[in-house]
Amino acid sequence: MRLLYLQNGPSRTTVSGLEDRFSRAGFDVEMIWAYGGEDPGDLRRYDACFVSGSPHGAYEDIGWINREHDWLRMLAEQGSPMLGICFGSQILASALCGRDQVFRRPTCEVGYMDLDVTAAARSDALARELGERVHMFVWHNDEVRAAHPDMVILATSPDCPNHVWRHARYPAWGIQGHPEVSAAQAQGWFESSRARLEADGADVARLKQVARDAVEADTMLVNFMTAARRGELRAA
């Protein structure tokens, strides 16, 4: 099964090495550096798609962001399962629910927190193992609106009503937080991002102290990989 990995960061390398996890799960991973101008070509070659984070906003009028909107809409129409994290969640929402679906927050939400899981998650293919709350690291200045007829909300925080969602018609899921980053990986990420984290109001020393693996949240990634490999998520 061929997976399109849309890498939206300023580098080909990733903090989490999630592309390697997809490979170990049995996917033939093709990483396309969208940020760097690469194009995936014929989208019919792909059976599933992962959409990464980015320092940019989904609402920005930038060539690669505009092109990625088109790719995601085409993948949705052909029924390909898609999962986006952080910016990946935002651009999926923007592509499938409208460019006004993502907005700049007045404040940054950053830190490890327990998110409230909604009743809809109990029957969701990815979120069904989350329980009543799920712990993970979140860091976002942009937000996906919750009020849309095609948005099924799976997890929330007091300051953000849409942390985890799925599309009502397409096999597409978005996760605002970062279940893919382990506690060990977070140490280096937090240090290398110290200036930006502190500008957003975070206490980096405290973050490094409380970092832990997002074991429960990671079940969403495992479920996506497993169900996509089995063909259980692909829309008709």
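Right, let's walk through the structure included here. (Residues numbered from 1 in each chain as written. Predicted model: local features only at pLDDT ≥ 70, side-chain atom pairs only at ≥ 80, totals over all residues. Heavy atoms only, no water.)

Two side chains with opposite charge may pair up if their charged atoms get near one another. Per the stated rule, a full pass over the model turns up 16 salt bridges. One salt bridge in this structure joins Arg169 and Asp150, with 3.2 Å as the shortest N-O distance. Remark: Asp150 occurs in the loop between strand E6 (133-144) and strand E7 (151-157) and Arg169 occurs in the loop between strand E8 (160-167) and strand E9 (172-175); sequence separation between them is 19 residues. For Arg169, a relative accessible area of 51% corresponds to the exposed category. Where Lys208 meets Glu191, a salt bridge forms, and the shortest distance between an N and an O atom there is 2.8 Å. With Lys208 in helix H6 (residues 204-210) and Glu191 in helix H4 (residues 183-192), this pair connects stretches of sequence that are 17 residues apart. On the basis of relative accessibility, which here comes to 35%, the residue Glu191 falls in the partly exposed class. (Salt bridge = Lys/Arg side-chain N within 4 Å of Asp/Glu carboxyl O. Helix = DSSP H or I, 4+ residues; strand = E, 2+ residues; numbered from the N terminus. Buried < 20%, exposed > 50% of the residue type's maximum accessible area, 1.4 Å probe, protein only.)

Turning our attention to the side chain of His140. Mapping His140 onto the fold places it in strand E6. Residue His140 is classed as buried on the basis of its relative accessible area of 2%. Only 2.6 Å separates the side chain of His140 from the side chain of Glu109, close enough to count as a polar contact. Reaching out from His140, the side chain makes a polar contact with the backbone oxygen of Asp142 at a distance of 2.7 Å. (Polar contact = N/O pair within 3.5 Å; in protein donor to acceptor, adjacent residues only side chain to side chain.)

Here we come to the nonpolar core. One finds Phe22, Phe50, Leu83, Met136, Ile175 and Met220 to be the most contacted residues of the largest nonpolar core, which totals 35 residues. With six residues, the top contributor of residues to this core is helix H7 (residues 218-229). Core analysis: the next-biggest nonpolar cluster, separate from the first, contains 30 residues, Ile32, Leu43, Met82 and Phe87 among them. (Core = buried A, V, L, I, M, F, W, Y, C linked by side-chain atoms within 4.5 Å.)

On to the packing of helix H2 (residues 63-77) against helix H3 (residues 87-97), then. Relative orientation of the contacting elements H2 and H3 amounts to 70 degrees, with a least axis distance of 9 Å. Classed by the angle they form, the pair H2 and H3 counts as roughly perpendicular. Here H2 and H3 pass one another in a crossing that is right-handed. Contact residues: Trp64, Ile65, Glu68, His69, Leu72, Arg73 and Ala76 in H2; Phe87, Ile91, Leu92, Ser94, Ala95 and Leu96 in H3. (Axes fitted to C-alpha atoms, helices over the stretch in contact; angles between N-to-C directions. Parallel < 35°, antiparallel > 145°, perpendicular 65-115°, else oblique. Left-handed = near helix turned anticlockwise from the far one by under 90°. Contact = heavy atoms within 4.5 Å.)

Inspection of every chain in the model, using the stated rule, returns zero disulfides. A disulfide-free cysteine, Cys160 has its sulfur positioned 11 Å from the sulfur of Cys86, the nearest such atom. (Disulfide = S-S within 2.5 Å.)

Here strand E4 (residues 82-85) shows two buried faces, one formed by Met82 and Gly84 and the other by Leu83 and Ile85. Bridge count between strand E3 (residues 48-51) and E4: three bridges; the pairing is parallel. Pairing of Phe50 across the sheet is with Leu83, part of E4. In this fold, the crossover linking E3 to E4 by way of H2 has right-handed handedness. Pairing geometry for E4 and E9, over four bridges, is parallel. Bridged to Leu83 within E9 is Trp173. (Pairing = 2+ DSSP bridges. Right-handed = clockwise from strand over helix to strand, strands pointing away.)

With 11 of its 11 residues buried, H3 lies for the most part within the structure. Residues Phe87, Gly88, Ser89, Gln90, Ile91, Leu92, Ala93, Ser94, Ala95, Leu96 and Cys97 constitute the buried set of H3. Gly98 sits one or two residues past H3 and shows a positive phi near 120 degrees.

Turning to the sheet that holds strand E2 (residues 28-33), a few remarks are in order. In space, the nine strands of this open sheet follow the order E2-E1-E3-E4-E9-E8-E7-E5-E6, with mixed pairing throughout. Edge positions in the open sheet fall to E2 and E6, since each of these has one partner strand only. Each neighbouring strand pair of the sheet contributes to a mean axis angle of 25 degrees, computed without reference to strand direction. In terms of strand pairing, strand E1 (residues 2-7) meets E3 through four bridges, oriented parallel. Bridging from a neighbouring strand, Tyr5 pairs with Phe50 of E3. On the sheet, H7 packs against E3, E4, E6, E8 and E9 and is oriented at approximately 155 degrees with respect to E4.

Everything listed is a geometric property; what it means functionally is a separate question.
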